[in-house]
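Listed below, chain by chain, are the residues.
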Amino acid sequence: MKKGVIYRLIFGKGNNGDFTVANLPKNRVKQFLYVFKRRFGTIFRVNLLTALFALPLIAWDFVSTAYVADFTKGMDAQTQFSHLLRLSLLRYGTQIPMIMLTCVGLAGAFYVIRQLCWGAPVSLLRDYKKGIKGAYKQFLLLGLLAGTVNFAFSYLLEFCLLTVSAKTEFAYVLAIVGIILAAIIGFTALVYAMAQSSLYGMTFFGLIKSSFILTFKRLFRSVGVVLLSLLPVLLFRFFPWAFMQIIGDCLIVVFSIGFAVTMQTVLCHGVFDAFINEKSYPNFVNLGLNTGMSYYKAMGIDDEDDDSDGESDEEENGNRESDDENCVATESENTCGANAGDNGAEQSSAADGESLPDGAEKDGGA
């Protein structure tokens, strides 16, 4: 029976042929396009699952924004300033627990997307739950930190906008630019922190330290890719009209989360290869590219009977054991030492109290 367009879009065509390492992309840009095209059905379903965790935040942001806009309508700057702290607490302070909940969903998303990028078999619900179970504590802390910083930056930005005058205009413009740049760099570091938490066993403070180090090691590339990954939402969210923001929220629910996490994961793995994997986890270098090992060889799994890359992931994994049960790792071969969403590596990575390896020039296939 001929399959419809929607079915093929979500579940794939099922005629991509046998998967081999030679079919893998040559660089990170091609890897993103390859994964997003061939695994779009799984990414779409990951997006829907994660959107369930983000729905309270999306709904409350829309309602609180509309309330604040209506409350301050017709007020002069001085009157608005007198209500600034209360309104900031109402709009941004109350978002903190909702941001934490969203981050729990992102723990599952980053794990599943990582498996897709590595060319690993995926059982969606099993692996999504595994990702949450293995990293939810650190993702909750990251959500708490992100929500608190978001509240502080938003308050400072509103403060500058409401108190600027002709005499202080230049200084306030510099302050506003500084706040925006700090927010962008902080969000980029947050992306690295999520990707590392999903993969490596690290302390929380080591995670934060490593994330900022990696951000500045590849600052312009990292910021550019992260902003590009958020572009589908930012284009609509910056418009002042409510219906445009609704479109942006709808994109988050059906598309933008999976798109962003896939692009961010590809970015992070290229940087991890250059500064972490090359030294500590050589089997992970270029994993998912045709210059790296196959997923099964990297994990020490003998069975390489991979299904075609376009088939349903649930069928592909119906009789397959857990990846971690098949891992054959030794102390000398860090083949399964990374977190893989479960117990995490005891071995320190690039930032567990140590600086990143010096002189690592290779970009991990990026």
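Residues numbered from 1 in each chain as written. Predicted model: local features only at pLDDT ≥ 70, side-chain atom pairs only at ≥ 80, totals over all residues. Heavy atoms only, no water.

K.L.:
Requested: an account of unusual backbone geometry, with residues and values cited.
P.N.:
Residues other than glycine seldom take positive phi values, yet asparagine 286 does so here, at roughly 60°. By secondary structure assignment, the location of asparagine 286 is in the loop between helix 12 (242-280) and helix 13 (295-299). (Helix = DSSP H or I, 4+ residues; strand = E, 2+ residues; numbered from the N terminus.)

K.L.:
Can you lay out helix 7 (residues 124-163) for me, pointing to particular residues and giving the numbers?
P.N.:
Over its 40 residues, helix 7 runs only 50 Å from end to end, short of the ideal 58 Å by more than 12%, given 1.5 Å per residue. At alanine 135, helix 7 shows its maximal bend, which comes to roughly 70°. (Expected span 1.5 Å × (residues − 1). Bend = angle between axes of the 7 residues up to and from the residue.)

K.L.:
I'd like to hear about the packing of aromatic side chains, residue by residue, with values.
P.N.:
Two aromatic rings are characterised by how far apart their centres lie and by the angle between their planes. Overall, the coordinates contain 19 aromatic pairs when judged by the stated rule. Taken together, the ring pairs in this structure connect Phe32, Phe36, Phe40, Phe44, Phe255 and Phe259 into an aromatic cluster. Just above the ring of tryptophan 118 sits the side chain of arginine 114; from NZ or CZ to the centre is 4.8 Å. (Phe/Tyr/Trp six-rings, centres within 6.5 Å; stacked < 30°, edge-to-face > 60°. Lys NZ or Arg CZ within 6 Å of the ring centre and 35° of its normal.)

K.L.:
Any chance you could break down the environment of valine 122 for me, citing the residues and the numbers?
P.N.:
Looking at where valine 122 falls in the secondary structure, it is placed in the loop between helix 6 (96-117) and helix 7. Under the relative-accessibility criterion, valine 122 is labelled buried at 0%. Valine 122 sits 80 residues away from threonine 42 along the chain, and the two C-alpha atoms are 8.8 Å apart. (Buried < 20%, exposed > 50% of the residue type's maximum accessible area, 1.4 Å probe, protein only.)

K.L.:
Describe empty space enclosed by the protein, naming the residues involved and giving the relevant values.
P.N.:
Applying the stated criterion across every chain yields a total of five cavities of 30 Å³ or more. Within this model, the second largest cavity holds a volume of roughly 40 Å³. Lining the second largest cavity we find Phe110, Arg114, Ala195, Ser198, Leu199, Thr265 and His269. Sorting the residues of the lining of the second largest cavity by element identifies helix 6, helix 8 (169-199) and helix 12 as the ones contributing at least two each. The element contributing the most residues to the lining of the second largest cavity is helix 8, with three residues. Across the lining of the second largest cavity, the residue classes tally to three nonpolar, three polar and one charged. (1 Å grid on protein atoms, 1.4 Å probe; cavity = no way out; pocket = protein on both sides within 12 Å on 5 of 7 lines; lining within 4 Å. Points joined across faces, edges and corners; volume = space filled by probe spheres on them. Nonpolar A, V, L, I, M, F, W, Y, C, P; charged D, E, K, R; others polar.)

K.L.:
Before we move on, can you summarise the confidence of the model for the chain with the specific residues and values?
P.N.:
In low-pLDDT regions, the fine details of the predicted coordinates are not to be read closely. Mean pLDDT over the chain works out to 81, with 76% of the residues at or above the 70 mark. The secondary-structure element of the chain with the lowest mean pLDDT is helix 15 (residues 323-326), recorded at 39, while helix 6 shows the highest, at 97. Contacts from residues 304-337, a stretch scored under 50 in pLDDT, to residues over four places away or in other chains number 81 contacts. Low pLDDT (under 50) marks residues 340-366, which in the prediction has 81 contacts with non-local residues, meaning those over four places away or in another chain. (pLDDT = per-residue confidence, 0-100. Contact = heavy atoms within 4.5 Å.)

K.L.:
How would you summarise the packing of helix 8 against helix 9 (residues 204-217) if you had to cite specific residues and measurements?
P.N.:
Relative orientation of the contacting elements helix 8 and helix 9 amounts to 120°, with a least axis distance of 8 Å. Taken together, helix 8 and helix 9 sit at an angle that is classed as oblique. Like other packed secondary-structure pairs, helix 8 and helix 9 cross with a definite hand, here right-handed. The residues of helix 9 that touch helix 8, namely those facing Ile185, Gly186, Thr188, Ala189, Tyr192, Ala193, Gln196 and Ser197, are Leu207, Ser210, Ser211, Phe212, Leu214, Thr215 and Phe216. (Axes fitted to C-alpha atoms, helices over the stretch in contact; angles between N-to-C directions. Parallel < 35°, antiparallel > 145°, perpendicular 65-115°, else oblique. Left-handed = near helix turned anticlockwise from the far one by under 90°.)

K.L.:
Tell me what's going on with the nonpolar core, and back it up with residues and numbers.
P.N.:
Counting residues in hydrophobic clusters, the biggest one holds 68 residues, and the most contacted among them are Phe139, Met194 and Phe272. Of all elements in the fold, only helix 2 (28-38), helix 3 (40-71), helix 6, helix 7, helix 8, helix 9, helix 12 and helix 13 reach the threshold of two or more residues within this core. By residue number, the principal contributor to this core is helix 12, which donates 13 residues. Among all residues touching phenylalanine 139, those that are not within four sequence positions of it are Cys103, Leu106, Ala107, Phe110, Met194, Ser197 and Ser198. (Core = buried A, V, L, I, M, F, W, Y, C linked by side-chain atoms within 4.5 Å.)

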